[in-house]
Amino acid sequence: AQLGDWNLETHLVGDKHRRKKAWLQRDVAGADHGFAAPPQLWLAWVSDERIGGGRYLRCLLCSRWATDFESMDLAAYSGAHGFRSQANQKDHARRLEHLDEYRAQVLRERRAWHPQ
């Protein structure tokens, strides 16, 4: 199927599709992970009934799903919604610069998912 420049066959074999497919299936693998709080205080393993059971990695600074991480060990995650890096999404990088302004709100929401 072709829609403008978008092609289904190309999409299905692309890195972005494979990452998102793995991300959507992670809740099965993640069940054994225990959903420990990520080291980044602005990330949380969050459930959302709109996308099915399980928990998914959510950036509480940006209110967006983090889908570009490679493993459940997030200690070195510095992707679109991770620690400060060139790979950060533009709005995320801006919010990280002003983290103190968001800290109370982020921690309040994070406690709902990671009470420890």
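Scoring rules and cut-offs
- Residues numbered from 1 in each chain as written.
- Predicted model: local features only at pLDDT ≥ 70, side-chain atom pairs only at ≥ 80, totals over all residues.
- Heavy atoms only, no water.
- Buried < 20%, exposed > 50% of the residue type's maximum accessible area, 1.4 Å probe, protein only.
- Helix = DSSP H or I, 4+ residues; strand = E, 2+ residues; numbered from the N terminus.
- Pairing = 2+ DSSP bridges.
- Phe/Tyr/Trp six-rings, centres within 6.5 Å; stacked < 30°, edge-to-face > 60°.
- pLDDT = per-residue confidence, 0-100.
- Contact = heavy atoms within 4.5 Å.
- Core = buried A, V, L, I, M, F, W, Y, C linked by side-chain atoms within 4.5 Å.
- Expected span 1.5 Å × (residues − 1).
- Bend = angle between axes of the 7 residues up to and from the residue.
- Salt bridge = Lys/Arg side-chain N within 4 Å of Asp/Glu carboxyl O.

**Some remarks on the pairing of strand β4 (residues 56–59)**
Turning to step 1, where the next piece is worked out: Burial of β4 is two-sided: the residues Y56 and R58 facing one way and the residues L57 and C59 facing the other way are all buried.
Turning to step 2, where the next piece is worked out: Of the strand pairs in this sheet, strand β3 (residues 43–46) and β4 are connected by four bridges, and their pairing is antiparallel. The residue of β4 that forms the bridge with A44 is R58.
Turning to step 3, where the next piece is worked out: Pairing of β4 with strand β5 (residues 64–65) involves two bridges; the strand directions are antiparallel. Residue pairing for β5: R58 is matched across the bridge by W65.

**Regarding the packing of aromatic side chains**
Turning to step 1, where the next piece is worked out: Overall, the coordinates contain five aromatic pairs when judged by the stated rule.
Turning to step 2, where the next piece is worked out: Each ring, one from W42 and one from F83, has its centre 5.9 Å from the other, and the planes form 90°; the classification is edge-to-face. Separated by 41 residues along the polypeptide, W42 in the loop between α2 (15–30) and β3 and F83 in the loop between β5 and α3 (90–97) bring together distant segments of the chain.
Turning to step 3, where the next piece is worked out: Geometrically, the ring pair formed by W45 and F69 is edge-to-face, given 5.9 Å between the ring centres and 85° between the ring planes.

**Observations concerning the confidence of the model for the protein chain**
Turning to step 1, where the next piece is worked out: For the protein chain, per-residue confidence averages 84 on the pLDDT scale, and residues scoring 70 or more make up 79% of the total.
Turning to step 2, where the next piece is worked out: Within the protein chain, α3 carries the highest mean pLDDT (97), whereas strand β1 (residues 2–3) carries the lowest (56).
Turning to step 3, where the next piece is worked out: Segment residues 27–32: pLDDT under 50, and six contacts once partners within four positions in sequence are set aside and those in other chains are kept.

**Let's talk about the environment of F35**
Turning to step 1, where the next piece is worked out: The topology assignment puts F35 in the loop between α2 and β3.
Turning to step 2, where the next piece is worked out: C-alpha of F35 to C-alpha of L57: the two residues are 22 residues apart in sequence and 9.6 Å apart in space.

**Thoughts on the nonpolar core**
Turning to step 1, where the next piece is worked out: In this structure, W42, W45, L57, L61 and Y77 are the most contacted members of the largest nonpolar core, which totals 21 residues.
Turning to step 2, where the next piece is worked out: Put simply, the parts of the chain that give this core at least two residues each are β3, β4 and α4 (99–113).
Turning to step 3, where the next piece is worked out: Once residues lying within four places of it in the same chain are set aside, the contact partners of L61 are W42, H92, R95, L96, L99, Y102 and V106.

**Considerations on α4**
Turning to step 1, where the next piece is worked out: Across its 15 residues, α4 extends 20 Å between first and last C-alpha, which sits within 8% of the 21 Å expected from 1.5 Å per residue.
Turning to step 2, where the next piece is worked out: At Q105, α4 is bent by approximately 30°, the largest bend along its length.
Turning to step 3, where the next piece is worked out: Among all positions of α4, only L99, V106 and R110 are buried.
Turning to step 4, where the next piece is worked out: On the buried face of α4, the contacting elements are β3 and α3.

**Here's the deal with the pattern of salt bridges**
Turning to step 1, where the next piece is worked out: Under the criterion given, the structure shown has three salt bridges.
Turning to step 2, where the next piece is worked out: For R50, the salt bridge identified is with D48, shortest N-O distance 2.6 Å.
Turning to step 3, where the next piece is worked out: In this structure, the salt-bridge partner of D100 is R103, at a minimum N-O distance of 3.0 Å. Taken together, the residues D100 and R103, both in helix α4 and three residues apart, mark about one turn of the helix.
Turning to step 4, where the next piece is worked out: When its relative accessible area of 62% is taken as the criterion, D100 is described as exposed.
Turning to step 5, where the next piece is worked out: For R103, a relative accessible area of 31% corresponds to the partly exposed category.

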